[in-house]
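Each chain, written out:
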Amino acid sequence: MHRFAGMVAAGWIALAGAVSAQDNPVVVELFTSQGCSSCPPADAILAELSDRDDVIPLALHVDYWDYIGWKDAFAQHAFTQRQKAYARTGGWKMIYTPQMVVNGQDDVVGSRPMKLSKLIRKHAEQPAHARLTVTRDGDAIVIHAEALQAMRPCDVHVVRYDPAKEITITRGENAGHTLTYTNIARRWDVVGRWDGQGPYEGRVTVGADTPVVVLVQDPKDGHIVAAARLR
């Protein structure tokens, strides 16, 4: 089953890759765990997404499966809390793994690539709310945002991530497997609040050449109104 899901994902990525890159990429957050036997197919789909310019994929490893025998090396309780916050704003009855959240608004089982493809296309076709640019200046990034339509105040998030890490799992549901994880969120900071009216300017020290994602997100409904990535 895992192999079949990977083959479906590869075919879907090739088809969906015909969508041109844009200045308003779609953010896909995967809530996953190394202790979850259902997660590897979704992890593989996220890896396929990492090569696209019109999608920003992030893996958020949660900690609520750690008790079943394997402590996830990348898990953070803050990511569990972020998943719960999405459930509250979205009116969802539960959280689970593997769950993907698209642009902070829609969720889908992470191992269902065709449904994910439809959600990505849906959000890609929506008009941009803001223009976001991020550039490097030594060990810092410079963030600039301006509204393209009426907006509520938004939080500005800076996410440092690891492009790929290989882990050998010795206990739990995935015991005996060596798995490669991609786009792993490692540090997540809210660095400012933008009123959504005049331009936003910010500067954050992240370390030279550190892969980073910047998100502009409405804290009331979770909508990610703009995103940018520096690999």
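Above: the structure in question.
Attention in this report is confined to the structure presented alongside it. These numbers were taken from a predicted model, which means no experiment stands behind them. (Residues numbered from 1 in each chain as written. Predicted model: local features only at pLDDT ≥ 70, side-chain atom pairs only at ≥ 80, totals over all residues. Heavy atoms only, no water.)

### Regarding the sheet that holds strand 6 (residues 140-147)
Right, on to step 1. Read from one edge to the other, the open sheet built from three strands follows the order 5-6-9, with strand pairing classed as antiparallel. The outermost strands of the open sheet, each flanked by one partner alone, are strand 5 (130-137) and strand 9 (200-205). Strand-to-strand, the axes of this sheet are offset by a mean angle of 15 degrees, without reference to chain direction. (Pairing = 2+ DSSP bridges. Helix = DSSP H or I, 4+ residues; strand = E, 2+ residues; numbered from the N terminus. Axes fitted to C-alpha atoms, helices over the stretch in contact; angles between N-to-C directions.)

### Here we look at the pairing of strand 11 (residues 224-230)
Right, on to step 1. Within strand 11, seven of the seven residues are buried, leaving the element largely enclosed by the surrounding structure.
Right, on to step 2. For strand 10 (residues 212-217) and strand 11, the ladder comprises six bridges, and the chain directions are antiparallel. The partner of Val213 across the bridge, within strand 11, is Arg229.
Right, on to step 3. With antiparallel pairing between neighbouring strands as the criterion, strand 10 and strand 11 make up a hairpin whose turn holds six residues, including Gly222 at a positive phi of roughly 85 degrees. (Buried < 20%, exposed > 50% of the residue type's maximum accessible area, 1.4 Å probe, protein only.)

### Let's talk about the nonpolar core
Right, on to step 1. Within the largest apolar cluster, 21 residues are counted, with the highest numbers of intra-cluster contacts made by Leu132, Ile141, Ile143, Val158, Trp194 and Val214.
Right, on to step 2. The element contributing the most residues to this core is strand 11, with four residues.
Right, on to step 3. In this view, Ile143 contacts Leu132, Thr133, Val156, Val158, Tyr200, Glu201, Gly202, Val204 and Val214; residues no more than four positions away in its chain are not counted. (Core = buried A, V, L, I, M, F, W, Y, C linked by side-chain atoms within 4.5 Å. Contact = heavy atoms within 4.5 Å.)

### So, the packing of aromatic side chains
Each aromatic ring pair is characterised by the separation of its centres together with the angle its planes make.
Right, on to step 1. In this structure the tally under the stated criterion is four aromatic pairs.
Right, on to step 2. Between the aromatic rings of Phe74 and Tyr181, the centroid separation amounts to 6.2 Å while the plane-to-plane angle is 80 degrees, which identifies the pairing as edge-to-face. Of the two residues, Phe74 sits in the loop between strand 2 (55-61) and helix 3 (77-90) while Tyr181 sits in strand 8 (residues 178-194), which places them 107 residues apart along the sequence. Across this residue pair, the class does not change: Phe74 and Tyr181 are buried.
Right, on to step 3. Measuring from ring centre to ring centre gives 6.1 Å for Phe79 and Trp188, while their planes differ by 65 degrees; the resulting arrangement is edge-to-face. Here the residue Phe79 occupies a position in helix 3, and Trp188 occupies one in strand 8, the gap between them amounting to 109 residues.
Right, on to step 4. For Trp188, a relative accessible area of 18% gives the class buried. (Phe/Tyr/Trp six-rings, centres within 6.5 Å; stacked < 30°, edge-to-face > 60°.)

### Brief notes about the side chain of His157
Right, on to step 1. With respect to the secondary-structure elements, His157 resides in strand 7 (residues 154-168).
Right, on to step 2. A relative accessible area of 7% means that His157 is categorised as buried.
Right, on to step 3. Of note is the side chain of His157, whose polar atom sits 3.5 Å from the side chain of Gln217.
Right, on to step 4. Ignoring sequence-local partners within four residues, the contact set of His157 consists of Arg82, Trp188, Asp189, Val190, Val213, Val214, Leu215 and Gln217. (Polar contact = N/O pair within 3.5 Å; in protein donor to acceptor, adjacent residues only side chain to side chain.)

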